[in-house]
Amino acid sequence: MGLGFKIDWKKVGHAFKEFFISLGRGDLLTRLRVDRLLPYILYLFAIGCISIWMSYHAEQTMLKVQKNNEIIRTLKIYNAQKTYEIVGLDRIATIEKMLEESGSKVKAPEKPADVIE
């Protein structure tokens, strides 16, 4: 019915005890011989830092793009309004009305210009 192996609970308890003692003294990594892997650990740390730095700059760039898109949307609306105003100023009646409001003596010609030969 079982898997066919026996667990020596005394050895498991001893292993846990040694693990916690080693953890408390601070020499767990040395006992696990992690010092051999130090160059790889430093390499992974450097790659992780570069990845975080690049992600940060990509996020900043995307933020600038969003702000610039909002500015462009606002400027398009402003451009449409100004274009409408300028097209409205192109009519002679509008210009005459503006000249009258400003008190100018300039008026539209009443007869066609004479051609000098």
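Criteria and thresholds
Residues numbered from 1 in each chain as written. Predicted model: local features only at pLDDT ≥ 70, side-chain atom pairs only at ≥ 80, totals over all residues. Heavy atoms only, no water. Helix = DSSP H or I, 4+ residues; strand = E, 2+ residues; numbered from the N terminus. Buried < 20%, exposed > 50% of the residue type's maximum accessible area, 1.4 Å probe, protein only. Areas by Shrake-Rupley, 256 points an atom, 1.4 Å probe, with all protein chains shown as cover. Polar contact = N/O pair within 3.5 Å; in protein donor to acceptor, adjacent residues only side chain to side chain. Contact = heavy atoms within 4.5 Å. Patch = residues over 30% accessible without salt bridge, like charges linked within 9 Å, V, L, I, M, F, W, Y side chains within 5 Å. Salt bridge = Lys/Arg side-chain N within 4 Å of Asp/Glu carboxyl O. Phe/Tyr/Trp six-rings, centres within 6.5 Å; stacked < 30°, edge-to-face > 60°.

Asker: Tell me about the overall build of the protein, residues and numbers included.
Answerer: Secondary structure summary: the protein contains 4 helices and 0 strands in total. For the protein, the sequential pattern of α-helices and β-strands runs α-α-α-α. Summarising its shape, the C-alpha atoms of the protein cover approximately 120 × 40 × 30 Å along the three principal directions. Looking at the 117 residues of the protein, the share that counts as buried comes to 3%. Element-wise, carbon and sulfur atoms account for 65% of the exposed surface of the protein, whose accessible area totals about 11,800 Å².

Asker: Hey, could you go over the side chain of S22 for me, with residue numbers and the actual values?
Answerer: Along the polypeptide, S22 turns up in helix α1 (residues 9–25). Look at S22 and you get buried, because its relative accessible area is 1%. A polar atom in the side chain of S22 sits 3.0 Å from the side chain of D27. Apart from residues no more than four positions distant in its own chain, S22 is found in contact with D27, L28 and R31.

Asker: Please set out a nonpolar patch on the surface residue by residue, giving values where relevant.
Answerer: Taken together, the side chains of L37, L38, Y40, I41 and L42 define a hydrophobic patch exposed on the protein surface, amounting to about 510 Å² of accessible area. Within the secondary structure, I41 sits in helix α3 (residues 38–89). Residue I41 is classed as partly exposed on the basis of its relative accessible area of 41%.

Asker: Residue-level account of helix α4 (residues 92–102), with values.
Answerer: Counting buried residues along α4, only 0 of its 11 residues qualify, which leaves the element largely exposed. Two residues or fewer after α4 comes G103, characterised by a positive phi angle close to 80 degrees.

Asker: Account for the packing of aromatic side chains, naming residues and giving values.
Answerer: Scanning the entire structure with this criterion turns up 1 aromatic pair. Consider the rings of F19 and F20, whose centres lie 5.2 Å apart with planes at 70 degrees: the pair is edge-to-face. Judged by its relative accessible area of 52%, F20 falls in the exposed class.

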